[in-house]
Structures are given as structure tokens and as C-alpha cells.
Amino acid sequence: MSTVLLPDPAPVGADPMLPRVARVLARRRDGPDVWTLDIEEEGGGTGFAPGQFNMLTAFGVGEAPISISGDAASPNRQVHTIRDVGPVSGALARLKPGDPLGLRGPFGVGWPMTEAEGQDVVVVAGGLGLAPLRPALYHLLAERERFGRIVLLYGTRSPGDILFRRELESWRRRLDVDIEVTVDHAGGDWRGHVGVVTTLIPRSAFDSANAIALVCGPEIMMRFAIVALRDVGLADEAIYLSMERNMKCAVGLCGHCQFGPDFVCRDGPVFRYDRLSRLIGLKEI
Amino acid sequence: MQASGLDRIIREHRFFAGLDEEAIALICGCAKNVRFEAGQYLFREGDAADQFYLIRHGRVVMEMAAPGHGAMSFQTLGENEVAGISWLIPPYRWRYDAKAMDLVRAVSLDAACLRGKCEVDHHLGYELMKRFVPVVAERLHATRMQLLDVYGTPA
């Protein structure tokens, strides 16, 4: 039987390279190979901004950057949604309630929630990209009166891949938010949209002259979402993207996530599009 | 009276935005109002593509059936969109099914009538092509995105 040595809990704001210890409170399946973990830090959570990420450690396996998918209003219960695609994400996704894990963070620049106030907000999510947008949605709905029209356009592969399905259904019952879900393909029992998420953009009602777009998903989807958003009149300065790169140190030291002059971990992961417009189409970056 | 109602509907439909009055009058001569109840088919794979539809209200789902899978949906269309492209391309047969998801109100355009008018009046044909080619290109692009399976598990 092996013994796992755990580091002592460190005070908040201490060495950002030193993982703190957290424990899994709950684990639930949110799609094929996708699991959501609720975790609690020993000594309480540090708080986070929507769009930020944590570095989670599966002890004895490794560390991976994982977006925070929970509600920033509940900082003691941090929520992460993980797709099991490799050894680290797989080990994290298999953790059970009570299991320990390491946590560094939160890191990075989040969604522009203050800038969005007074404007229509168009949230465009693709696949697992809904996870880092969920904290922004919680905020938008909690502070509903501060924003204009709220539109969520969510695209995924098939009806079985829809993340946070029950929550989407409950939000849809509200009368103050427009939610459209589309899938790439479906069986005959699906009653929603079929087609790529970008096709929902010109069909949506929002004031493009006074709107801000928050976009997260596979990069190719984001590129075409940008085209569709610009086609309906959004300015480059009104489009925000959450980028994904190979983040290791999470504090802008190691260079693994360098994207042109920026580090995705430190300067992002959320960027305003005009900052990335000349880089995002490049093949090797 | 019916024709003037159709005139207005066609003029106001996004697909025909900007079309001149003469062309609208020619198109109206091939048009009629139709409605489909939920579950009713606008057209079926293999049938003659002898019309296309300007959707005014409701949603239409495009489907193909495969053995063991049943009907598989690959696209939905809604208000202000156009259903049916095969009427433009020989041998003028539908390649898939189109089914009303809810009550659909549409303008049906007689394809043989319109093709005939386009042969005689190339200006009308060009105006129609200018509107259909972007639709075809957009749907081809969307199909490419679906084929790429961008939401799939990264390799």
C-alpha cells in the first residue's frame, strides 16, 4: 500500500507555485467523459473571478489547468468541470468525494463583467467551452438588472453531449434570458436546433451597437463565431475570447503558453479580440 | 388581393431583400402561401424538387434516414430562411427530407415556373443566383464545420 505525502496547507497569497490541499466534496457526470468536481480547500477558498482557472494536481500523476465552472458567490465550494482526455485529467476526473488534490490559483484574467454592465451580453459557447462561461452566466443572472438583453448560444456535438442540461433547462424557464442550444447532429427525437452554433448568431435578437460577446470553445469555432459576430455589427473591441494553451507554471514564467507577446496564463485566458486579431488565424502559434 | 399580399410577403422576406419590383412581380406569379402542421413533410428524399419555400413562421428540420439509425437531423431552419436548393440543380430531386417541427407558414415557389422565367429573363436568374449562392456556400461551410467534429475529444 502506498502513502501519499501531502503538502501542508499554505496561507492564501503565499507562494503561487505551491499547491494547497483541497478535498473533493462531490463528483457528478456531466457528459461523456466529462465530470464535475466540487472541491473545498482546507482553510477556506480564496475567491475567484468568472473566467479564471486553477491548476489542479492529482497527487502522484501531475498537474493540469482547469477552468473554474462554479459560482463566484460561493468561493468555499470551488467547482471544476473536467474532460477525461489524458493521464492527469483522467486521474482528476476519477477522484471520489473525500479524496485530496492539490490546488494552485486562481490565475489569469477573467471575463469583463464590469465592462458588460449596461450592455446586451451575447454568450457563445461550444462544447466544454460552456464550463468557463458558467461563472459569468451565474453573475449575469444574479445581477440581472445591471445588463441589457442576455443571450446564450450553445453548440455541442449531440444532445447527449449537452453540459449542465438541468441548469440550462431551468434558465430557459426564466423570461429574462434567451437560451438557444444547437447540436451538430441529432436523432428524430431532438426538438432543438441542429447546425453549427455560428448559425444562431444572425438569428438572435440583440443590439449589436451596444453589445458585448463572450466566446469560448474550440479555437476553430471561435474563429467563425468572430466572423459571424462581426457580420452582425459587433466591433472587435466588443468581442472577448477565452484562449486555451499548454499552461504549466500559470504565472507567466515558463513560456509554455506564450501566444505572441502574451502569456495565456497571465495575460489571459480571456482576451479582447482586437488584441489577438492578427495572431488567431496563424497556424503555428 | 391574394397577389398583393404575396407581393408584400416576398418583398419583406429577408431572402429577397433588395429585389426590384419587376423581379418581385415575376416571382409572385410562381408563388403561393402554404402551411404545414407539425410533423408534416415539406418534401421527401427522392421526390421531384418542383418547389422551394420561403419560411415565414415556424421551424423546419432537414433529415436523412440511415439503416439502424432512423432519421438523423443535420440542420434546422427558421423564419426568414429558405428551404430547398435542389430545385436549381438537375436532375431536380430532393436529397433529404424536410419536416415541419411545429406549425410552419411559408411561401411555396413553383420551381418549373421560376426556372422557365429565369431562362427567358437572365436578369431575374442572376438576381436569384446572387441570393442562392451565399446560402449554398454558408451551408457548405456549416457542413465542413460539422464534419470537423470540433467538439470531439482532442486526439
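All figures in this text were calculated on a predicted structure; none of them were measured in a lab.

A. Layout of the overall build of chain B. Tallying secondary structure elements over chain B gives four helices and eight strands in all. The helix and strand sequence of chain B, counted from the amino end, reads α-α-β-β-β-β-β-β-β-β-α-α. In terms of C-alpha radius of gyration, chain B reaches 16 Å, essentially the compact-globule figure of 15 Å for 155 residues. For chain B, the spread of C-alpha atoms along the three principal axes comes to 55 × 30 × 30 Å. Scored against the burial criterion, the 155 residues of chain B give a buried share of 30%. Long-range contacts, defined here as pairs at least 24 residues apart, represent 75% of the contacts in chain B between residues at least 6 apart.

B. Region of the structure containing unusual backbone geometry. All names here are of chain A. Backbone torsion omega between Gly-105 and Pro-106 reads 5 degrees, so that peptide bond is classified as cis. Residue placement: Pro-106 occurs in strand β6 (residues 100–107). Located in the positive-phi region is Asp-33, a residue other than glycine, with phi close to 65 degrees. With respect to the helices, strands and loops of the structure, Asp-33 is situated in the loop between β1 (20–31) and β2 (34–41). Owing to 16 C-beta atoms within 10 Å, Asp-33 belongs among the partly exposed residues under this scheme.

C. View of the sheet that holds strand β16 (residues 270–272) of chain A. Residues and elements named next belong to chain A. Judged by pairing direction, the sheet is mixed, and its seven strands sit side by side in the order β11-β9-β8-β7-β12-β13-β16 without closing on themselves. Each having just a single partner strand, β11 (193–194) and β16 make up the two edges of the open sheet. Both strand β9 (residues 178–183) and β11 contribute to a ladder of two bridges, which runs parallel. Each residue of the ladder has a partner; that of Thr-182, found in β11, is His-193.

D. Expanded view of the interface of chain B and chain A. Taken together, the contacts link 21 residues of chain B with 25 residues of chain A. Only β4 (60–66), β5 (70–77) and α4 (122–148) of chain B provide two or more residues apiece to the side of chain B that touches chain A. Looking at the side of chain B that touches chain A residue by residue, the class counts come to 11 nonpolar, eight polar and two charged. In the sheet, strand β10 (residues 186–187) of chain A pairs with β5(B) via two bridges, with the strands oriented antiparallel. When the bridges of β5(B) are listed, Gly187(A) appears paired with Met72(B).

E. Here's a closer look at the sheet that holds strand β7 (residues 97–100) of chain B. In spatial order, the strands read β10(A)-β5(B)-β4(B)-β7(B)-β2(B); together these five strands make up an open sheet with antiparallel pairing. The open sheet has two edge strands, β10 of chain A together with β2 (41–43) of chain B, and neither has a second partner. Sheet analysis places β4(B) next to β5(B), joined by seven bridges and oriented antiparallel. From the neighbouring strand, Glu63(B) faces β5(B), where its bridge partner is Ser73(B).

F. Just the environment of Asp110(B), in detail. All names here are of chain B. For Asp-110, the position within the fold is in strand β8 (residues 104–110). Separated by 87 residues in the primary sequence, Asp-110 and Ala-23 have C-alpha atoms spaced 15 Å apart. Ignoring anything within four residues of it in the chain, the contact list for Asp-110 reads Cys-30 and Gln-51.

G. Structural view of helix α3 (residues 130–142) of chain A. Here α3(A) contains 13 residues, and its C-alpha end-to-end distance of 18 Å stays within 8% of the 18 Å for a straight helix at 1.5 Å per residue. For α3(A), a buried count of 10 out of 13 residues is recorded, marking the element as mostly surrounded by other parts of the structure.

H. Examining the domain arrangement of chain A more closely. All names here are of chain A. Structurally, chain A comprises domain 1 (20–107) and domain 2 (113–276). If you average the C-alpha positions of domain 1 and of domain 2, the two centres end up 21 Å apart. Each partner contributes to the interface: domain 1 provides 21 residues, whereas domain 2 provides 21 residues. Every element with two or more residues in the side of domain 1 that touches domain 2 is listed here: β1, β3 (53–58), β4 (62–67), β5 (78–83) and β6. At three residues, the largest contribution of residues to the side of domain 1 that touches domain 2 is made by β6. Looking at side-chain class alone, the side of domain 1 that touches domain 2 contains 10 nonpolar, seven polar and four charged residues.

Cut-offs used in this document
Residues numbered from 1 in each chain as written. Chains lettered and ligands numbered in written order. Predicted model: local features only at pLDDT ≥ 70, side-chain atom pairs only at ≥ 80, totals over all residues. Helix = DSSP H or I, 4+ residues; strand = E, 2+ residues; numbered from the N terminus. Rg over C-alpha atoms; globule rule 2.2 N^0.38 Å. Buried ≥ 20, exposed ≤ 12 C-beta atoms within 10 Å, placed from the backbone. Contact = placed C-beta atoms within 7 Å. Pairing = 2+ DSSP bridges. Nonpolar A, V, L, I, M, F, W, Y, C, P; charged D, E, K, R; others polar. Expected span 1.5 Å × (residues − 1). Domains from an automatic or database assignment.

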